[in-house]
Amino acid sequence: MKGIFDLKLTVKPEHIDILGHVNNVVYVQWMQDVATAHIEQIGLGLEQYLELKHAMVAVEYHVQYRKAAFEGDELILRTWLNDINALYSFRQYAFYRPADQSLLFTGSTQWACVEIATGRPKRMSPTFTQAYQPLLADINPLDFSQLYLAD
């Protein structure tokens, strides 16, 4: 598994609020989007969730808005896993604008493993724990000189 996953995105008119910049709620949607793309890439997406009868659901978000993004901006949405235990995985995010080398947003989510049929907590299966490996400590996820785009 690649430890870091990047997704390129262009800010569209529908992302913009009445103040002329990307709406705060859109960043949370982008967190979901890049996390979903990442798990699909590592082969543990929605289809596998349904087969395994358990899934990861977000239970806690932390966000920090650093700079505004505007219509037409080209962004890199970056995510990586930084910790895992029997019930939870912890995912980090950094959204970056290459044009001016600006870090726009950072965030994190705590994800819980649940049985799909009941919504009750469940210990992660070996399939999950093998796929959801934390980023190695010697990698700097905020170094955007190298991109980790989907193949």
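In what follows, the accompanying structure is described. (Residues numbered from 1 in each chain as written. Predicted model: local features only at pLDDT ≥ 70, side-chain atom pairs only at ≥ 80, totals over all residues. Heavy atoms only, no water.)

### Side note on the packing of aromatic side chains
(1) Moving on: Per the stated rule, a full pass over the model turns up 11 aromatic pairs.
(2) Moving on: Taking the centre distance of 6.3 Å and the plane angle of 15° together, the rings of Tyr27 and Phe95 count as stacked. With Tyr27 in helix 1 (residues 24–41) and Phe95 in strand 4 (residues 88–97), this pair connects stretches of sequence that are 68 residues apart.
(3) Moving on: The buried category is assigned to Tyr27, whose relative accessible area is 3%.
(4) Moving on: Centroid distance Tyr88 to Phe90: 6.3 Å. Interplanar angle 45°. Geometry classified as tilted.
(5) Moving on: Using a relative accessible area of 22% as the deciding quantity, one classes Phe90 as partly exposed. (Phe/Tyr/Trp six-rings, centres within 6.5 Å; stacked < 30°, edge-to-face > 60°. Helix = DSSP H or I, 4+ residues; strand = E, 2+ residues; numbered from the N terminus. Buried < 20%, exposed > 50% of the residue type's maximum accessible area, 1.4 Å probe, protein only.)

### Focus on the side chain of Thr109
(1) Moving on: Within the secondary structure layout, Thr109 lies in strand 5 (residues 102–115).
(2) Moving on: Judged by relative accessible area, which is 3%, Thr109 ranks as buried.
(3) Moving on: A distance of 2.5 Å separates polar atoms of two side chains, one belonging to Thr109 and the other to Trp111.
(4) Moving on: Among residues more than four places away in sequence, those in contact with Thr109 are Met31, Glu60, Tyr61, Ser89, Phe90, Arg91 and Tyr93. (Polar contact = N/O pair within 3.5 Å; in protein donor to acceptor, adjacent residues only side chain to side chain. Contact = heavy atoms within 4.5 Å.)

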